[in-house]
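Descriptive analysis of the structure
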Amino acid sequence: MASKQAKEKLRPARDVLNRFIWAPPSQEGQIFVGYDDRINGPLETPVQDWKPIKSGGETPEHRILYFRRERVDDSGAVSFGEIIWDRAGRVDKVFGSGFGDKVDASEETRAIAYNAMQNTRRLAEERAERRAAKAKDRDRRAKSRRRKELQQQQHSTEFESNQGKSADDGTKRMERFVWRSSSWFTFDESDDSWREKSNNPFAASSENIHTKPKSLPDLKILTWNVLFDVFDQSEAKKETLSRWQRLVSAIANSNADIITLQEVTPDFVAVICSNSFVRASFCVSASPADASSVTPHGNLILWRSVLLSPISSEGIHVCFDGARARAIVAILKTIGEGGQHTTMAVANIHLYADRKVDSAIPAEQQQTSRADARRRELTSIVGQLGKLEDRHKKDCPNCRIQTVICGDFNSEDEELADGCFSGASAKGMGCFHDAWLMGSPDGSGGHTWDPSANSRAAHSNSEVRSKNIQRRRIDRIYLKDGNFPVQCVAEIVTGIDPASEANSLPPSDHFGLAVTLSPTPRPAGVEHQEYFAHDAWAATAMPCKDSILALMLRPPDSVLADLRSTFAKDSSLVEPHVTLLYGFVELHNSSLSLAMSTVAEAIKSSKADASEHLHFSRDSLDVLSHRGSATVYAAPTLQEKSWLYRLYHDLRRRFKQCEEQEQHNEEKVWVPHLGLGTFGSSSNARSAIREWVSDHGPWNDISVEVNGLTILQRGEVDGKFHPVATVSLGGETRIDDTILGAAHSLESVRPFDKFPTSSIVADAGLNASKSFQKTAKPILSLLSTACEIAAERLGFSSTLNVVGSSRFQAALPFMSDVDTVAILRQKDRSVNRTLDERSSVKSFFSSVSNFIHQHTRQRFPVDIRMRSADSGHLNLLTFKLMPKTPSIDLLVAFVDSSDVPVSASSASALSNKTNADATIEIVELSALDALSVKGSDEHLIRENARAIFSGALRCIKLWAKNNDVYGQAAGFLPGAAYATMLAVFLSEGFSLREIEIDAEELSPELLASRALEVVDYFFKRAATWSWPEAISITSPSKPIVCSESGPNEASILATKRGTMAITANTIGTHDVEANYARSVTASTTQATLDEFKRAQSLLQLRQTTSSTGKSSYEKLLEKRSVEEFIEMHEFLVCFEVFVEDQDTDISAPANPSMITPAEIKAWGSSRALSTLVYLEQHLKSRSMLRLRPKTIKPNGEDRFFWLLGVNGGGITEFKTLIANCSSNYPEDHQSSLMLNVSIVEQDDALHQFASKLRPGPLLPLKDNIAGLIERAQDGEMKIKWMDQNSKARVDNARIVIMRGIPGSGKSETAKFLARRNSATGTVISADLYFDKHHGGHFQPSSLGAAHASCREEFSLALQRFSEDIDGASGKGQIIVDNTNSQYWEYQWYLEQAQMSARLRKDDVVVLELYAANADEAKRCHLRSIHNPTKATVSRMLERWETDSRAILLRPFR
């Protein structure tokens, strides 16, 4: 019966997703995921488009119903196909789990699948109809506009990172393109390697300065798309290396000076960088050792080193969209005589192509979305060129820069005719000119994509294009106008050698484009016209209906404000204004500065005075009719050549795409007007005008001062427009937007620095704390803005308060988090409305999470989760931007109109703030009382007291952390407990005059010295305190301790349990008392008291130095290692917690991949603490036990270990106790989390955790408890053989060829095979060469030598085998331990073995450790001791070739 149940176990949906997401492209039908949508019923989507919850998806995996593979017949017709995974019918045709792969899906699931197909098709048709309706609908109502923008972005996953995702209200504030400085490389013949060069932003600008710009030399530029074979499924893919070599030869024969290549892969970089002509004459933007800018594929720039050199302050910049490089820009100077040179800015781009994405979307709409994506990317590239030009011109005012943009535009002439680019239909009106048209007056030819002449292009045309296209001129070279007059000679480079029939197939699906630039004299009478750098960006910038450029007005009285507040209260922009451009450009961090610069230049060109006015007369009112409404507006009295008209036309000349304002009337001209109100009809509007201009009406001749030009953006909450930045008529600029400011401030976030113990002692941790606060400040700014917006949606105002160690200025890097409390108050304090607190908290946290994700996910791997605290009494939001930055904890407290908490949970959250305030107040008041000083010196006394308290608390917390007595989750005191103790002891020391306090300004050194004296006093009082008497704070003005006021409830409980009581109660309206020692147990109390006494003894010695040269304080704060903890105990109980293998015993609803490391740690801590309490109850002495609060985590694995040290008692007794304890563990929903409890003796523990933890994977533990997970001690059980036949084949083999990605366990397996049965096998590995010659560090330049050494060792070993094939001399196997991702990499070894007359076919086996899914590949990558980059492992997986002869093993965990 048990075997039948096991057979019916169904592999979870996550495994099926991983199988097809990681699988290479297939010629078979597409795989669809069918799922249950709560609103629309059953739907389905292609498996590649499925998004898990962690990546921003909306559907959990337990709602997946089936997987369907469509059927494609020979004619290309698509039909239903078959269901390959059925949850309801428990059918699995992928892995064979459940009822196996021979059973058909249930009829119910087939009916659901047909229904899902119909629903999906219907929704796609509805979305298409809504998109078409949106193109015609110009209604400005905010809700309609936001809804349509969200609809337009559905099914646009391929271009999602370029178009961005709207916030809940449709506002786009996300940074899409990020530019980063990059290195370049020159070849060094002395060591036969490529040397890295990098940008130096602090380089002297003198290299750029010269009195007169030099003429541009003759230069030849070549651009070529080299084809990366990702979409090529033809037989031509097999000859990739050959065609690349022919391509490199064609590039060399072109004799180009600047070469820009697209679709370059790291493998192609290795090919071209090995060519002699490149090594001798060129610099490159990527090298074989560092190909990150072309991973998985990207753009490459080469320039002739004798003619051009990068400017050291600018150099190379790469554009990243997410993790992928999109474009590259090089700022190069020509090398001339006498130090004179000119400058070239070269951009190599590859814009999005037109490919098949979704058959449900009409091709015309797909085409439009791709054109928008290309325009956005092109705008970013032009903007970056503008920024670099501006910076360069500041260093070199006399310089003229020739800007060139070249590459694969994937665009037609009509698409590039707008803005600053000129195509065939633009008639040369742009500021960038097409080099082909400059060299070809009739505009004919230049087709780099020609399926009729390029057979490789014909194949790609049918495979990947959204429609068949005969010829296209998509590879282009553009020159910026107004810098250097040049003549162009353009030519097409095919790469086909007509003399050789074998090479008739072109080396790429594109032809290359070469242009020779020759300087020419400027025609007589033609003056130099140079475009401003930001003007080129403005001309290409895409308009956005969520932004406005308006002339803001400052009325002298309340007339305008009163009229607009009455009749235009529902307007999206209430402030008086005259709209100049709507929609304005898309705004984000990088574009805002460019927009402000362009507007400032336009104001300067208009010659407007700094204090201009607009005049409105009684006759200026008029009506603008709409469909169903009418607007009353006032037109200012202006002449057509006035400053305002000059300003508008100059702005339109610069922002060429922003033409919406001219489409509002039949004349297609801009009419400046001030909107005053909206009415239901024209007649009502005109009646209002007559009333306003009557004798008793409010309207008279009015003169209004102009406040400046303001850039506005639609708000997150109300959908109204709010100021982002303002440029005054005098030219001053300022940024007004707090959201953009908060997001922009994240650019300053840097990982923590490490501070040695000596530096902590020197300044009492002051610099470390400042470093922590500097890192946390911009994150808190973002959180504060998020809380304000989320509270606004609930009708509250929000105040964010920092509590805990950050409030005390005692936070330290790598040990502290930032605790915050958001206090939410009702805006209308006259009304106390009822509140559903539970749902309000969840809604608030959800809004905060969405906001943080929206503004961080493009730059940070942010992790956000909501969890319970205080035994489920409180909800807590935790987020962290990235590793080595602080974790932020957020609590929320609702208060009523009288600032009283509305519930016990809100009071508990609020008490974190009041307790922290009370702690600080106690210290300050006791210091003041000690000196009896008031008046002007009071402020200094308070500051000194706070500084001493903070310095001492930093040292005490670090001591507790390093000596394993810190952390509430493990049963020790938290930081708040130590702060409370210190406040009480410090106030006592001030009162008794045992601690000095001064009323004068103290130096940081003296404050640090006083803080260390307080540390002395703290341990003296803590070691001699009458525990379990409670330490308690009950009011901001006076600490009350149990010894004086009698026992309280916490003290009574502590006496009963033999623990501690440290409490605070500063909320009077609710019975909320914080007992910081509530989780402390008897043994953890004893451990803490022992450490108090040890610290007191150490400090009493008063040794200024020791034999190690360390002071007593440095020794006090030293970190206790794992080895030292183990040596303190006779034996240890080890708790191991991990996620059970997904391919073993997990039912479908379970989803192990959703369990985060933090959840694993929390679950494991609770089990370890429960075991500790159980053991305390059954043992006589609590001093026998000591739990180590810090976890041990092996490299790259989501498994954690806790150690419980034991002194006294026997192992057998503990085995029985722990086995009994394990049977009483409470059950929970985390069924996939497993606990492994082991008894380890001291010597074994030292070997296990001290020696083997850091170098690599953890070894199995020695002795496991019965009833828990069993793990074998010997190494053989670590190898998960597929079957006994596979094991026998490896046992009998003479030669074993290993395969596997880094971290899969190849080396461990090879070592085991080599030493088993007391034989001494031979392990041959390239890693051993690097260990011997390079200290274990990988050197790309020595890779060839490493593999040559492997072949030499293999030949010698094979010769020894041939001489003694029967193994009489005890020789073991020959094991080749390399990655061997492709067959050719180990083909030589197989051929050499086949040539041996004494080896049979079965004597040679290929043993492959394969990663079955994404999670295993990730674990392998993280576990590898060679630290390969993620991109390197991804490339290995992409090029991995399947060998059907290989014996497959699963990687080690």
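Residues numbered from 1 in each chain as written. Predicted model: local features only at pLDDT ≥ 70, side-chain atom pairs only at ≥ 80, totals over all residues. Heavy atoms only, no water.

**Some details on the packing of aromatic side chains**
Aromatic rings in a pair are described by how distant their centres are and how their planes are angled relative to each other. Applying the stated criterion to the full structure yields 27 aromatic pairs. Seen from their ring centres, phenylalanine 277 and phenylalanine 282 are 5.6 Å apart, and the 75° between their planes marks the pair as edge-to-face. Like phenylalanine 277, the residue phenylalanine 282 is buried in the burial classification. Centroid distance tryptophan 959 to phenylalanine 1092: 5.7 Å. Interplanar angle 15°. Geometry classified as stacked. Of this pair, tryptophan 959 sits in helix α24 (residues 938-962) while phenylalanine 1092 sits in helix α29 (residues 1082-1100), and the two are 133 residues apart along the sequence. The residues tryptophan 959 and phenylalanine 1092 share a single accessibility class, namely buried. One aromatic cluster in this structure is built from Trp959, Tyr966, Tyr978, Phe985, Phe1018, Phe1019, Trp1025, Trp1027 and Phe1092. Lying over the aromatic face of tyrosine 352, arginine 326 brings its terminal NZ or CZ to 4.1 Å of the ring centre. (Phe/Tyr/Trp six-rings, centres within 6.5 Å; stacked < 30°, edge-to-face > 60°. Buried < 20%, exposed > 50% of the residue type's maximum accessible area, 1.4 Å probe, protein only. Helix = DSSP H or I, 4+ residues; strand = E, 2+ residues; numbered from the N terminus. Lys NZ or Arg CZ within 6 Å of the ring centre and 35° of its normal.)

**Digging into helix α6 (residues 240-254)**
With 15 residues, α6 should reach 21 Å at 1.5 Å per residue; the first-to-last C-alpha distance of 21 Å fits that figure. Residues Thr240, Arg243, Trp244, Arg246, Leu247, Val248, Ala250, Ile251 and Ser254 constitute the buried set of α6. Just beyond α6, the residue with positive phi is asparagine 255, at close to 60°. (Expected span 1.5 Å × (residues − 1).)

**Regarding the environment of arginine 68**
Summarising the element assignment, arginine 68 is placed in strand β3 (residues 64-72). When the C-alpha atoms of arginine 68 and glycine 29 are compared, they prove to be 9.5 Å apart, with 39 residues separating the residues in sequence. Ignoring sequence-local partners within four residues, the contact set of arginine 68 consists of Gln30, Ile31, Phe32, Glu44, Ser79, Phe80, Glu82, Ile83 and Met117. Polar side-chain contacts of arginine 68 include one of 2.7 Å to the backbone oxygen of phenylalanine 80. (Contact = heavy atoms within 4.5 Å. Polar contact = N/O pair within 3.5 Å; in protein donor to acceptor, adjacent residues only side chain to side chain.)

**Here we look at the confidence of the model for the protein chain**
Note that predicted coordinates carrying low pLDDT should not be read in detail. Residue-level pLDDT values for the protein chain average 75, and 73% of them are 70 or greater. Predicted confidence for residues 1103-1108 stays below pLDDT 50, and this span has seven contacts to residues more than four positions away or in other chains. Throughout residues 1251-1278 the model reports pLDDT below 50, and contacts reaching past four residues in sequence, or to other chains, amount to 64 contacts. (pLDDT = per-residue confidence, 0-100.)

**Observations regarding the nonpolar core**
Side chains of a nonpolar character, in soluble globular proteins, are inclined to be buried together. Among the nonpolar cores identified, the biggest contains 104 residues, and Phe949, Trp959, Tyr978, Met981, Phe1018, Phe1092 and Phe1214 are the most heavily contacted of them. Counting 78 residues, the second largest nonpolar core, distinct from the first, contains Leu581, Val632, Tyr648 and Val727. (Core = buried A, V, L, I, M, F, W, Y, C linked by side-chain atoms within 4.5 Å.)

**What about the packing of α6 against helix α7 (residues 266-273)?**
It is the contact of α6 with α7, at a shortest axis distance of 10 Å, that shows an interaxial angle of 50°. Accordingly, the angle class assigned to the pair α6 and α7 is oblique. Two packed elements cross with a definite hand, and for α6 against α7 that hand is right-handed. Where α6 approaches α7, its residues Leu241, Trp244, Gln245, Leu247, Val248 and Ile251 are matched on the opposing element by Asp267, Phe268, Val271 and Ile272. A breakdown of the residues in the contact of α6 with α7 according to their chemical character gives eight nonpolar, one polar and one charged. (Axes fitted to C-alpha atoms, helices over the stretch in contact; angles between N-to-C directions. Parallel < 35°, antiparallel > 145°, perpendicular 65-115°, else oblique. Left-handed = near helix turned anticlockwise from the far one by under 90°. Nonpolar A, V, L, I, M, F, W, Y, C, P; charged D, E, K, R; others polar.)

**Focus: unusual backbone geometry**
The step from tyrosine 582 to glycine 583 runs through a cis peptide bond, and the omega angle for that step is -5°. Tracing the backbone shows glycine 583 in strand β23 (residues 577-585). Of note, the amide linkage connecting tryptophan 1027 to proline 1028 takes the cis form, showing an omega dihedral of 10°. Its location among the elements puts proline 1028 in the loop between α26 (1004-1024) and β36 (1031-1033). With a phi close to 50°, asparagine 1380 is a non-glycine residue in the positive phi region. With respect to the helices and strands, the residue asparagine 1380 is situated in the loop between β47 (1371-1377) and α39 (1383-1395).

**So, the environment of serine 1238**
Relative to the helices and strands, serine 1238 resides in strand β43 (residues 1233-1241). A relative accessible area of 0% places serine 1238 in the buried class. With 103 residues separating them along the chain, serine 1238 and phenylalanine 1135 place their C-alpha atoms 6.7 Å apart.

**Regarding the sheet that holds strand β26 (residues 629-634)**
Reading across the sheet, the three strands line up as β25-β26-β27 and stay open at both edges, with antiparallel pairing between neighbours. Every interior strand has two partners, whereas the edge strands, β25 (621-626) and β27 (674-679), have only one. Put simply, the sheet's adjacent strands are angled 25° from each other on average, direction ignored. Here β25 runs beside β26; their pairing, made up of six bridges, is antiparallel. Bridged to serine 625 within β26 is alanine 630. (Pairing = 2+ DSSP bridges.)

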